[in-house]
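Structural overview
So the chains spell out like this:
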Amino acid sequence: SSTSPPVEKCFVTTPIYYVNDQPHIGHVYTSTIADAYARFQRSRGRDVFFLTGTDEHGLKVEQSAQKRGISPQELADENSATFRQVLDDMGITFDGFIRTTEPYHKSQVQHFVDKLREKGDVYLGKFEGWYDEGQEEYYTETKAKELDYKSPVSGKDMARSSEENYYFKLSAYQRQLEKLHEECPDFLSPPARRNEILSRLSQGLNDVPISRTNFKWGIAMPNDDNHIIYVWIDALLNYITALGLAEEPSQPAASAGVATRRLKGELKDYWPASLHIMAKEISWFHAVIWPALLMALEMPLPERVHAHGFWIRDGKKMSKSLGNFVDLKTITRYTDHYGLDSFRYFLLVDGPIAAQDANFASSRVQEVYNTDLVNTLGNSLSRTTAMVNKYYNGIIPTEQQIQGIRITFGKRYDWPVVTAEAANQVMHAVEALEFPKAATAAVALVAKVDHFINELEPFRLAKDETKAEELGAVLYQCLEVLRIACVLLEPFLPNKMREVSENLDLGHGTLDERVKWGLLQPGSTVKKMTLFPRVAPLDELGMPVSM
Ligand code: ME8
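The notes below deal with the structure included here. Because the structure is predicted, anything quoted here is derived from the model rather than measured.

Side note on helix α12 (residues 328-338)
Those residues of α12 that fall on the buried side of the exposure criterion are T330, I331, Y334, T335 and Y338. Down the axis of α12, the smallest arc covering the buried residues is 130°, so these residues share one side. Summarising the geometry of α12, the exposed residues directed more than 90 degrees from the buried face are K329 and D336. Contact partners of the buried residues in α12: α1 (25-43), α13 (340-350) and α14 (362-392). Downstream of α12 by a residue or two, G339 has a phi angle that is positive, lying close to 95°.

Following this line, the structure appears as structure tokens:
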């Protein structure tokens, strides 16, 4: 109606992934947390645009393509499609998928870079220094010496090189950037990342080269074809080109697609981003370079940048050279075995969401699956639905006495209060991206149902005719607590919860409405259900363990 407040917009992004690599657990992880956040915001009634995509330019793509004897575009097409497929297979509900080789992105990047040049924030300059080819990154003499003239990533020798390049006047934004990080402590999380940035800022900022002449695979400088725009400038701008911020609205042929919405100018209002999510190795680009570019373009800054830790293996970072990635094949074995949602749940509760890295171990997958899903959520649901079937033929009883008064079982089991507190905890934790904490609160609520059953002993109540009303109340309350817990767990276990909802009505409306006590209708039916079967453990590669 006209009196309701406008729906809050929420723009969530992942990094756009490089097409010169195969997708692995790191990409799946970031996409999964972004997806859980996006689903959660949607369920709260917000108007969400969730963007992901692929980063397709740069020397490395040019070289990989050459090695394979195909064009860079062919390589990009192939690997971009692979990434997209993986995200689809993992149930990632992105609204937009941007590819940096698309014409609408390229023309807008040129527009923005041209604007920076006209303003004097981009200028032609000469640089001499040390170049890390693998990372496409320049180092000053001091820094290169510190690193023994070797790439900190690949270990390969750096090369002395001098180049005439276009520079971005990053130094001009030193004060504004310091102010941003000092005055908005929540702009970049977790705090460890913010401290790093503050300390690096205090060392002073140099202008940064934003063009290259040693390869061709990229977007040309708008005024000078000899120069290719540095892949990071090209990539960061995706967050606004995807929304068409530099496009004139037009009237394209009507269709409901994202491209049409963009062309009509309907996506522009999603800016500024609510949340950019990535891992810590690119926090500098997102928390310093990106805001500086936006300051120079006189555009609003994103509200929040979150840079999580790494998945590691055997205490080491996963890398191509070590060949220790949890790759797609392995992930697929895990999802086939445990189910997509269960693996997703594991990623969310055991992943490196904050400053710490997380070691991937098959034993943890098994442990999380058994503890939270099989023994707690699955067990409570199956116990409760079994009893409703045994004692009530599957017809949900009421928690009220004949006089219409709700039967209560003491303060510990004052469920309207207990569930409201749990819902509050879960919702706050997800807003704060504290997925492990959110899951813990939801699972703890489920565990209380178990305690409740053990304490109230419905099987005893069932034997005593004078306790019929109590038995009904206990079972209604068990189911209603479980319903609320399931609603709260939807961003974690979307498919499993849809399965539950086909049996037990999980309610309608926004999340906040659905977690209210008492929505479950007495008289409706519920079947006995087992959600999470027991399964054998897998080894580190996702293969069956021989016993
Ligand atoms: O950096 N643990 O793309 P990329 C957790 N194209 N997350 C990991 C990870 C790990 N071990 N490894 C990768 C790029 N990731 C640029 C981004 S954005 C404007 C341009 C995830 O394909 C994590 O999100 O190397 C990390 O930031 C991202 O993949 C890097 O993906």
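Still more to cover.
Regarding the pattern of salt bridges
The full count for this structure, using the stated rule, is 33 salt bridges. Residue K496 is joined to E499 by a salt bridge in which the shortest nitrogen-to-oxygen separation is 3.8 Å. Linking K496 with E499, this pair stays in helix α19 (residues 494-501), spanning three residues, or about one helical turn.

Brief notes about the side chain of S211
Within the secondary structure, S211 sits in strand β9 (residues 211-212). Residue S211 is classed as buried on the basis of its relative accessible area of 0%. Here the side chain of S211 touches Y166 through a polar contact of 2.9 Å, landing on its backbone nitrogen. Here the side chain of S211 touches H227 through a polar contact of 2.8 Å, side chain to side chain.

Observations regarding the layout of surface pockets
Approximately 380 Å³ is the volume found for the second largest pocket. Along the wall of the second largest pocket there are 22 residues; nearest its centre are Y37, R304, E431, A432 and L433. Of all the secondary structure elements, the ones that give two or more residues to the lining of the second largest pocket are β1 (9-18) and α1. The residue inventory of the lining of the second largest pocket, partitioned by class, reads 10 nonpolar, four polar and eight charged.

Some remarks on the site of the ligand
Around the ligand sit 23 residues in total, of which I16, Y18, T30, D55 and W311 are the nearest. Taking H27, its side chain carries an N or O atom lying 3.4 Å from an oxygen atom of the ligand. For the ligand, an oxygen atom lies 2.6 Å from a polar atom in the side chain of T30. Taking 670 Å² as the accessible area of the ligand by itself, protein coverage stands at 95%. Every element with two or more residues in the shell around the ligand is listed here: β1, α1, α8 (231-236), α9 (238-241) and β12 (275-279).

Quick word on the packing of helix α6 (residues 174-183) against helix α11 (residues 283-296)
It is at 10 Å that the axes of α6 and α11 come closest, and there the two elements cross at 120°. Here α6 lies oblique to α11, going by the angle between them. In this structure, the crossing between α6 and α11 has a hand that is right-handed. On the side of α6, the interface is formed by Q176, L177, L180 and H181, while α11 contributes A287, V288, P291, A292 and M295. For the contact of α6 with α11, the residue count by class is seven nonpolar, two polar and no charged.

Details of unusual backbone geometry
Residue S189 is joined to P190 through a cis peptide bond whose omega torsion reads -5°. Here P190 lies in the loop between β7 (188-189) and α7 (191-202). The linkage connecting W271 with the following residue, P272, adopts the cis geometry, with an omega of 5°. Tracing the backbone shows P272 in the loop between α10 (258-263) and β12. Even without a glycine there, the phi angle at D148 is positive, about 60°.

Here is what the cut-offs are and how they apply
Residues numbered from 1 in each chain as written. Predicted model: local features only at pLDDT ≥ 70, side-chain atom pairs only at ≥ 80, totals over all residues. Heavy atoms only, no water. Buried < 20%, exposed > 50% of the residue type's maximum accessible area, 1.4 Å probe, protein only. Helix = DSSP H or I, 4+ residues; strand = E, 2+ residues; numbered from the N terminus. Arc of directions from axis to C-beta. Contact = heavy atoms within 4.5 Å. Salt bridge = Lys/Arg side-chain N within 4 Å of Asp/Glu carboxyl O. Polar contact = N/O pair within 3.5 Å; in protein donor to acceptor, adjacent residues only side chain to side chain. 1 Å grid on protein atoms, 1.4 Å probe; cavity = no way out; pocket = protein on both sides within 12 Å on 5 of 7 lines; lining within 4 Å. Points joined across faces, edges and corners; volume = space filled by probe spheres on them. Nonpolar A, V, L, I, M, F, W, Y, C, P; charged D, E, K, R; others polar. Near = heavy atom within 4 Å. Areas by Shrake-Rupley, 256 points an atom, 1.4 Å probe, with all protein chains shown as cover. Axes fitted to C-alpha atoms, helices over the stretch in contact; angles between N-to-C directions. Parallel < 35°, antiparallel > 145°, perpendicular 65-115°, else oblique. Left-handed = near helix turned anticlockwise from the far one by under 90°.

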